[in-house]
Amino acid sequence: MAKDFEHSGKNISEWKSKPAKRALEYLFMQGELMVPNRINFHKVYDLMERVVPEGTDTTEPTPEEYARFLITGHLRANGLGQPAEIAYLRKGIKPLISATLEDMVSNGEVLEVCAAGTAYFALPASLELLSKPLARSKLKLLSPFDNLVIQRKRMKVLFGFDYLIECYVPEAKRRYGYFSLPILWEGRLVARMDCKAERKKSLLHIQHLALEPWVLKIEPFFMALRKELEPFLQFNHCTHLRLHRTSPEKVKPALQTIINDLTR
């Protein structure tokens, strides 16, 4: 682990990390090290050849094979994608991604589609999902790092949802909370909820629930939220809920009634 390397100097870089940590991460990103497990969220690094199962083909792929791997993996996970999204954080690879996408479109492996007036690429199998019914009444609390929301620009184009994880924002400038969770309901991103768990007290605080201005079906939304809060409480090892703030303020009494019913 990074903490196993002694360091008495000053930590530098944007994340204030020591040189050993940055070196380990660089070797990890290059594939020379892998992470077989973690201890208390800390990565445990080891040599690649001691982690990859014996018999695994470790032949370096061609650039085209690599591009196809990135494209199919991204589209399988995200449904839709653009070259810039697929090449995200990978320097100098966007031209290869674009060229490979053209080739995959020409032979039917990938389809060009239009969503919200914007051009995207998708796998044919993904479009087959459109014929399956959507459980619209089901509500989900999403991680800020969920595949659906991690591409902020795409989320804004497709869902009209302008989201920023505000733990990196100075407290005085936060609008919604330290770690607000996007809420998916009826096929749309409709709200965000900032929570904090006091596990010693078994108490989950809803610091702020903020609804999008166009959400009008308040009662059905709260009933769907109630169903999701039950497993969310269990996940956080809490049995009690405390509501602090809602936007708009006028919906707070209705949500408080739901919470009282859930935790009584």
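Scroll up to find the structure.
Residues numbered from 1 in each chain as written. Predicted model: local features only at pLDDT ≥ 70, side-chain atom pairs only at ≥ 80, totals over all residues. Heavy atoms only, no water.

Caption draft 1: Geometry of the pairing of strand S8 (residues 203–211). With respect to burial, S8 is a largely interior element, 8 of its 9 residues being buried. One ladder, built from 8 bridges, connects strand S7 (residues 188–198) with S8; its direction is antiparallel. The residue bridging Glu198 from the neighbouring strand is Leu203, located in S8. Where S7 folds back onto S8 in an antiparallel hairpin, the turn is made up of 4 residues, including Ser202, whose phi is positive at roughly 55°. Of the strand pairs in this sheet, S8 and strand S9 (residues 240–243) are connected by 4 bridges, and their pairing is parallel. The partner of Leu204 across the bridge, within S9, is Leu241. For the handedness criterion, the β-α-β arrangement of S8, helix H9 (residues 218–235) and S9 is classed as right-handed. Direction of pairing for S8 relative to strand S10 (residues 246–247): parallel, over a ladder of 2 bridges. Note on S10: the bridge partner recorded for Ala210 is Ser247. (Buried < 20%, exposed > 50% of the residue type's maximum accessible area, 1.4 Å probe, protein only. Helix = DSSP H or I, 4+ residues; strand = E, 2+ residues; numbered from the N terminus. Pairing = 2+ DSSP bridges. Right-handed = clockwise from strand over helix to strand, strands pointing away.)

Caption draft 2: Inspection of the pattern of salt bridges at higher detail. Going through the model one piece at a time under the given rule, you end up with 11 salt bridges. Residues participating in the shared-partner salt-bridge network are Lys21, Glu25 and Lys43. (Salt bridge = Lys/Arg side-chain N within 4 Å of Asp/Glu carboxyl O.)

Caption draft 3: Spatial organisation of the environment of Pro182. Checked against the element boundaries, Pro182 lands in strand S6 (residues 180–185). Overall, Pro182 belongs to the buried group, its relative accessible area being 0%. Spatially, the C-alpha atom of Pro182 lies 4.4 Å from that of Arg192, the residues being 10 residues apart in sequence. Excluding residues within four positions of it along the chain, Pro182 makes contact with Lys140, Leu141, Leu142, Ser143, Pro144, Val149, Phe161, Tyr163, Leu189, Ala191 and Arg192. (Contact = heavy atoms within 4.5 Å.)

Caption draft 4: Quick peek at the nonpolar core. By size, the foremost hydrophobic cluster in this structure holds 29 residues, and its most contacted members are Ile183, Met193, Ile206, Leu209, Phe221 and Leu225. For this core, the elements supplying multiple residues, two or more each, are strand S5 (139–141), S6, S7, S8, H9, S9 and helix H10 (252–263). Of the residues forming this core, the biggest block, 7 residues, is contributed by H9. Beyond its immediate stretch of four places on either side in the chain, Met193 contacts Leu141, Phe179, Ser180, Leu181, Ile183, Ile206, His208, Leu209, Leu229 and Phe232. Membership of the second largest hydrophobic core comes to 13 residues, among which are Leu70, Leu75, Leu101 and Phe121. (Core = buried A, V, L, I, M, F, W, Y, C linked by side-chain atoms within 4.5 Å.)

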